[in-house]
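Inside the fold
For reference, the chains in residue letters:
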Amino acid sequence: MSAPAGAPIIVASGLGVRFRRNRGSRRSFKDLFAGRSRRSLPGEFWALRNISFSVDPGEAIGVVGRNGQGKSTLLKLVAGVLLPDEGEVAVHGGVAPLIEITGGFVGDLTVRDNVNLTAGLHGLDKKEIARRFDSIIDFAGADDVLDTPYKHLSSGMKVRVAFAVISQLDEPVLLVDEVLAVGDKAFRNKCYRRIEELLAEGKTLFLVSHNERDLKRFCARGLYLDRGELKLDGPIDDVIARYNEDHPA
Ligand SMILES: Nc1ncnc2c1ncn2[C@@H]1O[C@H](COP(=O)(O)OP(=O)(O)OP(=O)(O)O)[C@@H](O)[C@H]1O
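These numbers come from a predicted model, not from an experiment. (Residues numbered from 1 in each chain as written. Predicted model: local features only at pLDDT ≥ 70, side-chain atom pairs only at ≥ 80, totals over all residues.)

A closer look at the overall build of the chain
Scanning the chain from terminus to terminus reveals eight helices and nine strands. Put simply, the chain has 249 residues, and 35% of those count as buried. Sequence-distant contacts, at least 24 apart, represent 73% of the contacts inside the chain between residues at least 6 apart. (Helix = DSSP H or I, 4+ residues; strand = E, 2+ residues; numbered from the N terminus. Buried ≥ 20, exposed ≤ 12 C-beta atoms within 10 Å, placed from the backbone. Contact = placed C-beta atoms within 7 Å.)

Set out below in structure tokens:
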């Protein structure tokens with residue numbers, strides 16, 4: 001579903017996600033039968049809470065915060081791969097996510113099969129996939145590993161393949177987590193040029209990064225997450241300044 005003209009492409013209202021620490025620890029019988037009605041089990045914490053914002057089509061947003069403050073969790077909510085425990089997020093259009101190093105790819109399938117599968121899942125038909133296939137593989141520099149199971153690729157090559165596919169989809173929203181940091185410098189620069197092209201086409205971008213230069217290069221607006229709360233939603237320069245003030249190096 002695409003957004004009506006002038007309407008936001010993403011609206012998040014009162015988002016909250018609760019996780020459980022020590023997931024592997026022993027749970028009591030009482031816990032098992034308590035069900036979801038018990039509001040807070042021991043060890044549970046809110047990774048995100050009361051997060052509300054809206055995004056217009058074509059905006060580029062940098063997500064800032066220390067490690068473990070909920071940045072990836074927020075991207076997962078926008079991607080729809082994680083459901084909130086509170087609130088909701090509405091996205092008017094498809095999302096191309098590059099969130100985890102595996103890119104959501106299937107480890108046992110070959111690079112070729114993963115490219116076909118992911119492109120197909122994002123709505124490209126066979127003809128369209130065939131048309132884009134070579135340029136995806138070429139972008140990734142993955143000719144030699146076409147028939148290699150994805151799980152046997154190096155970390156850098158996994159990211160190359162995932163970015164090459166994700167950036168060739170027609171989805172209006174692009175989510176890029178820090179995974180790009182894994183690529184080498186030449187590839188990173190290639191990705192950045194591609195991101196610039198996608199922004200020029202009017203795509204909406206969420207970028208999680210600890211690199212101020214990258215944030216300022218791509219994003220006009222920033223979201224600053226701290227302890228699972230949205231501390232500041234504003235121009236990227238203000239967001240970075242506030243983050244640096246709160247957490248001097
Ligand atoms: N599936 C999960 N189960 C339990 N806790 C989780 C799960 N996923 C994330 N967490 C916890 O939720 C918090 C937020 O994690 P998140 O990955 O969103 O942080 P982040 O800001 O992206 O961190 P980083 O900068 O290190 O990537 C962290 O405390 C993390 O350990």
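Focus on the site of the ligand
For the ligand, the set of nearby residues contains twelve residues, the closest of which are F19, N67, K71, S72 and T73. In terms of residues, the shell around the ligand owes the most to one element, helix α2 (residues 71-79), which gives three residues. In the shell around the ligand, the residues fall into two nonpolar, seven polar and three charged. (Near = placed C-beta within 6 Å. Nonpolar A, V, L, I, M, F, W, Y, C, P; charged D, E, K, R; others polar.)

Focus on the packing of helix α4 (residues 126-140) against helix α5 (residues 155-166)
A packed helix pair is summarised by two numbers, namely the angle formed by the two axes and the spacing between the axes. It is the contact of α4 with α5, at a shortest axis distance of 8 Å, that shows an interaxial angle of 140 degrees. The hand of the α4/α5 crossing is right-handed. Mapping the contact onto sequence places I136, F139 and A140 in α4 and R160, V161, A164 and V165 in α5. In the contact of α4 with α5, the residues fall into six nonpolar, no polar and one charged. (Axes fitted to C-alpha atoms, helices over the stretch in contact; angles between N-to-C directions. Left-handed = near helix turned anticlockwise from the far one by under 90°.)

Observations concerning the sheet that holds strand β2 (residues 44-55)
Taken in spatial order, the three strands line up as β2-β1-β4 in an open sheet, and their pairing is antiparallel. A single partner strand is all that each edge strand has here, and the edge strands are β2 and β4 (86-91). The mean angle between the axes of side-by-side strands here comes to 25 degrees, regardless of whether they run parallel or antiparallel. As paired elements, strand β1 (residues 10-20) and β4 share five bridges and run antiparallel to each other. (Pairing = 2+ DSSP bridges.)

What about the sheet that holds strand β8 (residues 221-226)?
Within the open sheet, the six strands sit side by side as β5-β6-β7-β3-β8-β9. Their pairing is mixed. Of all the strands in the sheet, just β5 (95-98) and β9 (229-235) have a single pairing partner and so form its edges. Direction aside, neighbouring strands of the sheet carry axes that sit 15 degrees apart on average. Two strands pair when backbone bridges link them, and strand β6 (residues 173-176) and strand β7 (residues 204-208) are joined in this way by four bridges, in the parallel orientation. By the bridge assignment for β7, V173 is matched with T204.

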